[in-house]
Amino acid sequence: MELLNHLVLGLQTAATLANLFYCFVGVFLGTAVGVLPGLGPTATIAMLLPVTFVLPPVTALIMLAGIYYGSQYGGSTTSILVNLPGEAASVVTTLDGYQMAKQGRAGPALAASAIGSFFAGTVATFLIAGFGPPLAAVALKFGPAEFFSLMVLGLVASVVLAQGSLLHAIGMVVLGLLLGLIGTDVNSGTQRFSFGIYELADGIGFVTVAMGMFGLGEIIRNLENEEERAVMITKITGLWPTREDFKRMVAPILRGTIIGSALGILPGSGSILGSFAAYSIEKKVSKNRAQFGKGAIEGVAAPESANNAGAQTSFIPLLTLGIPSNPVSALMVGAMIIHGIQPGPSVINEQPALFWGMIVSMWIGNLFLVILNYPLIGMWVRMIMIPYQHLYPGILVFCGIGVFSLKNTEFDVYLMALFGALGYLFSKLGCEPAPMLLAFILGPLMEEYLRRAMLLSRGNPWVFVQRPISATLLGLAVLAMCSVLIPAFSKTREEVFVEGSG
Amino acid sequence: MIRNAKDFWTGLIYVFFGSSAILIGREYGMGTAIKMGPAYFPTILGGLLVGIGAISVIRSFIIPGTPIAAFAFKGLTLVTVSALVFGFLVRGAGLAVALPLLVIISAYASTRFRWHPTLLLAAGLTVFCALVFLKGLGIPLPVIGPWFGG
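Just so you know, these numbers come straight off a predicted model, no measurement behind them. (Residues numbered from 1 in each chain as written. Chains lettered and ligands numbered in written order. Predicted model: local features only at pLDDT ≥ 70, side-chain atom pairs only at ≥ 80, totals over all residues. Heavy atoms only, no water.)

J.: I'm lost on the overall build of chain A in this one. Help?
T.: Regarding its fold elements, chain A presents 22 helices and 2 strands. For a compact globule of 502 residues, the expected C-alpha radius of gyration is about 23 Å, and chain A comes in at 22 Å, within 12% of that figure. The principal-axis extents of the C-alpha atoms in chain A amount to approximately 70 × 55 × 50 Å. In chain A, which comprises 502 residues, the share counted as buried stands at 62%. If you take every contact in chain A between residues at least 6 apart in sequence, the share linking residues at least 24 apart comes to 79%. On chain A, roughly 18,100 Å² of surface is accessible, and the fraction owed to carbon and sulfur atoms is 68%. (Helix = DSSP H or I, 4+ residues; strand = E, 2+ residues; numbered from the N terminus. Rg over C-alpha atoms; globule rule 2.2 N^0.38 Å. Buried < 20%, exposed > 50% of the residue type's maximum accessible area, 1.4 Å probe, protein only. Contact = heavy atoms within 4.5 Å. Areas by Shrake-Rupley, 256 points an atom, 1.4 Å probe, with all protein chains shown as cover.)

Shown next as C-alpha cells:
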C-alpha cells in the first residue's frame, strides 16, 4: 500500500506537462546519441548538463536519466538495421539482429528489442521502487567507516570490470582520486595542488574532465581510422512478429531481465556486462541454440532486455547510497550536487517527490521509447549517415560553449583540451578513462569519510574491519579483486572485452 | 630491454604524478591519523601510485606486451589546438570569430576535409549557437568581442 502511495506521488511529479516534455526530450536526444556512433552518453550528458542548470532539479534529472536509457535503446536500432552498434552495450545485438534484418526480418527483430526493453524497463522500475527504500534504510545506519568501505568496493568493482590491464586500472583509480583532491581542502582551508592558479581553488570540475576525456579524447580516437561507413539499409517489411516469434521471445526476455537487473547494480559497466552475459547464457540454454549467430530472435530479445534492465538498475546504488556505478551516474551525482541535493540515503525521505518522480519517469520514458522508435525508424537510419567529419566539429562546439558556461571562464576550456589530450594518451597506453572519472568524483568524499572514521576510532585503522558491515564490504572488494586472478574468470573477462571492442 | 612499452610509459606517468603529489604535499600539514591534515590522504595516494608505477615499470622489462600503436598526431594536435584557440578568442574576439575557427581547425583533421561544407557548417553552427546559447540561455559571451569594438 505504501508502495502504491509512493508511485502515485511519483506519477504526480513525473506527469506534469513540463516533466513529460523534458522526459521526452531526454529519451529523444538519448536515442539520437545511441544511433550516432562516436558520440556516447557520457559525453552527451556532460555537454547538456549546463543546459539543465536552468531547470528545476527533478526535471533536470528526469531528462538526464532519459538520455542514458534512451541511448541504450537507440544503439540497438542501428545494431539491427545496419550492423553498427551505437553503444557498447548493443554490440551483441548485431550478432543475431543484423542476420535477421538480412533475412528480411528486421521488423520482428526490432519488435523483440522493443518489447524486451519495455518489459525489462518496467520490471527494473519496480525493482528500484521495491528495493530502494529498504536499501536506503540500511544505508542510513551507515557510519563513515561503512561509506568509506562501500566506496572502496565500488572502485574495486569498476577496476575489475574495466578493460585491459588490472594494474593500470588500479593506477587510473588512484590517479583519479588524487586529481579529485585538487582545490581547497574543506577541513583546513589549504589550497592543494592549485599552483597558485585562482581558477583551481575550487578544484577541477567533473564536467570538464568528462568532456575532455570522453568527448575530445573520443573524437581524436575516432579520427585515427575514419573508415568508410558503407551503410547498406535493408528493407523493413512485416513489422509484427509471428505467434511463433512471440513464443520464442518469452523465456529469453525473462532471463535477460533477471541477469541484466542483477548485473546492472554492480559498479562498473553493468549494462554492457549484462547484455554479454545474457547472450552467452541464452546460447547455452536455448532449444534453438544452433540458430544463434544466424538470426535467432532469442539472441536479440535476451541481450536487449538485459541491457535495458541494467541501465535502469544501475540507478539503485546512485539513488539509495549516493554512490555512482558508472561514468553516467557519476555525472548525475555531480548534477545533483550542483542542484543542491546531497546524493545519499536521505534523498528518499527528504526529497520523496524527486526520488519517486524520477522512478516513475523512467517507466514513462520507456513507454515513449516504444512509441518513438517505430514511426521514426526512417529518421534514425538517415541520422547514421551523417558523415563523421561534419559531426565532430559540432560536438567540439557544444563542448566548448558548455564547458565555458559552467563558471564563465575560458580556463575550463583549456583544461578540457588538456584532459582530451591526456585521455587520448591513456587510451593509447591501454588505460580506460571510466574508472578514473568515477574515482575523480569519489576522491573528496572518500577523504572526508576516511577522516571522520579515523577521528571516531581515535586513529585506529582496524575500525574498517572491526565493524561488521564495513568488514563485509571490504571482504567483497577483496573477493572481487581475487576473482580476476582466477584463470577461468579472467579468461571470460578477456573474451567479453575482445568481443566488445570488436 | 623494454619488452612492454605500454607498461613502461604508463608506469613512468604514474611515478611522476605520485611523486609530485608527495613532494608538493610536503608543503601542507600532515596531521595525525586521528586528525588528518591536508597532506595525509594525498601522501597515501601518492605512495600507492608510485608503487603501482614502479611495479608497472619493472614488469615492462619482464613480461612482453603489445607495442603502442602509432599516434594520430594530426588529430591530436588539431583538436587540442582548436579548443585552445576557441578558449583564447571567445571572450575577446567574440563567438563569431572563435566558433568558426574551432570548426575549421578541427575539421581540417579529417582526411575527408573539404572547404565548402566546412564553411557552411561553421556558419550554421555560429548562427545556431548565438541564438540558442547566447540569446536563449543567456550565456555571457559576445558575438563580436571588444577586440573588434563589439
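Alright, that's what it looks like, and here's the rest.
J.: So what exactly am I meant to see when it comes to the packing of helix α4 (residues 95-107) of chain B against helix α5 (residues 115-136) of chain B here?
T.: Residue and element names in this part refer to chain B. Between α4 and α5, the shortest axis-to-axis distance is 9 Å and the interhelical angle comes to 140°. The orientation of α4 relative to α5 falls into the category oblique. Note that α4 runs across α5; the crossing there is right-handed. Judged by residue contacts, L95, A96, L99, P100, V103, I104 and A107 of α4 engage W115, T118, L119, L121, A122, L125, T126, C129, A130 and L134 from α5. Of the residues contributing to the contact of α4 with α5, the split by class is 15 nonpolar, 2 polar and no charged. (Axes fitted to C-alpha atoms, helices over the stretch in contact; angles between N-to-C directions. Parallel < 35°, antiparallel > 145°, perpendicular 65-115°, else oblique. Left-handed = near helix turned anticlockwise from the far one by under 90°. Nonpolar A, V, L, I, M, F, W, Y, C, P; charged D, E, K, R; others polar.)

J.: Just checking my understanding: could you explain the interface of chain A and chain B for this structure?
T.: The parts lose accessible area when they come together, and the size of an interface is often stated as this lost area. Counting residues at the interface gives 64 residues for chain A and 64 residues for chain B. Summing both sides of the interface, chain A and chain B together bury roughly 5,600 Å²; the carbon and sulfur share of this comes to 77%. Of the charged contacts, one joins E410 of chain A and R91 of chain B as a salt bridge, the two residues approaching to 3.0 Å between their closest N and O atoms. At the junction of chain A and chain B, the tally comes to 16 residue pairs in polar contact (both at pLDDT 80 or more). Looking at the side of chain A that touches chain B element by element, the count peaks at 12 residues for helix α17 (residues 388-407) of chain A. Looking at the side of chain A that touches chain B, its residues break down into 37 nonpolar, 16 polar and 11 charged. (Buried area = accessible area lost by both parts, 1.4 Å probe. Salt bridge = Lys/Arg side-chain N within 4 Å of Asp/Glu carboxyl O. Polar contact = N/O pair within 3.5 Å; in protein donor to acceptor, adjacent residues only side chain to side chain.)

J.: For this particular structure, what's the right way to read the environment of I104 of chain B?
T.: Residue and element names in this part refer to chain B. On the secondary structure map, I104 appears in helix α4. When the C-alpha atoms of I104 and M1 are compared, they prove to be 43 Å apart, with 103 residues separating the residues in sequence. Those residues within four positions of I104 in sequence are excluded, and the remaining contacts are F113, W115, T118 and L119.

J.: Sorry, what's going on with empty space enclosed by the protein here?
T.: Empty space left among the atoms is revealed by rolling a probe the size of a water molecule over them. Residues and elements named next belong to chain A. Under the criterion given, the structure shown has 1 cavity of 30 Å³ or more. By volume, the largest cavity amounts to about 30 Å³. Lining of the largest cavity is provided by Y73, L110, A114, N373, Y374 and I377. At 3 residues, the largest contribution of residues to the lining of the largest cavity is made by helix α16 (residues 352-384). (1 Å grid on protein atoms, 1.4 Å probe; cavity = no way out; pocket = protein on both sides within 12 Å on 5 of 7 lines; lining within 4 Å. Points joined across faces, edges and corners; volume = space filled by probe spheres on them.)

J.: I tried to follow the side chain of S286 of chain A on my own but got confused; where do I start?
T.: Residues and elements named next belong to chain A. Topologically, S286 is positioned in the loop between α11 (270-285) and α12 (298-313). Residue classification places S286 among the buried positions, given a relative accessible area of 4%. What S286 contacts, discounting residues up to four positions off in sequence, is F292 and E298.

J.: Is there a simple way to think about the pattern of salt bridges in this case?
T.: Pairs may arise between side chains of opposite charge once their charged atoms sit close together. Residue and element names in this part refer to chain A. Taken as a whole, this structure holds 13 salt bridges over all chains when the rule is applied. Two residues, R192 and D185, come together in a salt bridge whose shortest N-O distance is 3.7 Å. Exposure class is identical for R192 and D185. Each is buried. Across the pair E447 and R192 runs a salt bridge whose closest N-O atoms are separated by 2.8 Å. Pair noted here: E447 is in helix α19 (residues 434-456) and R192 is in strand β2 (residues 191-192), with a separation of 255 residues, a long-range link. Residues joined by salt bridges that share partners form a network here, namely D185, R192, E447 and R451.

J.: What's the story with the nonpolar core in this structure? I'm lost.
T.: Note that soluble globular proteins tend to have their nonpolar side chains buried in a common cluster. By size, the foremost hydrophobic cluster in this structure holds 190 residues, and its most contacted members are F315 of chain A together with L95 of chain B. Counting residues per element, this core draws most heavily on α16 of chain A, which supplies 16 residues. Here this core gathers at least three residues from each of two domains, domain 1 (5-62) and domain 2 (73-148) of chain B. Discounting chain neighbours no more than four positions away, the residues touching F315 of chain A are A65, Y68, I128, M332, M358 and M362 of chain A. (Core = buried A, V, L, I, M, F, W, Y, C linked by side-chain atoms within 4.5 Å. Domains from an automatic or database assignment.)

J.: What is the right way to read the packing of aromatic side chains from this model?
T.: Working definition: an aromatic ring pair is given by the centre-to-centre distance plus the angle between the planes. Scanning all chains against the criterion turns up 22 aromatic pairs over all chains. Seen from their ring centres, Y424 of chain A and F71 of chain B are 5.8 Å apart, and the 75° between their planes marks the pair as edge-to-face. With one member in each of two chains, Y424 of chain A in helix α18 (residues 411-428) and F71 of chain B in the loop between α2 (40-62) and α3 (73-89) form a pair that bridges those chains. Relative accessible area serves as the criterion here: at 0%, Y424 of chain A is assigned to the buried category. Members of the aromatic cluster, joined through ring pairs, are F24, F28 and F368 of chain A. Directly above the ring of F71 of chain B sits K428 of chain A, whose terminal nitrogen or CZ lies 5.9 Å from the centroid. In this arrangement the basic side chain of K74 of chain B is found over the ring face of Y108 of chain B, its NZ or CZ atom lying 5.6 Å from the centre. (Phe/Tyr/Trp six-rings, centres within 6.5 Å; stacked < 30°, edge-to-face > 60°. Lys NZ or Arg CZ within 6 Å of the ring centre and 35° of its normal.)

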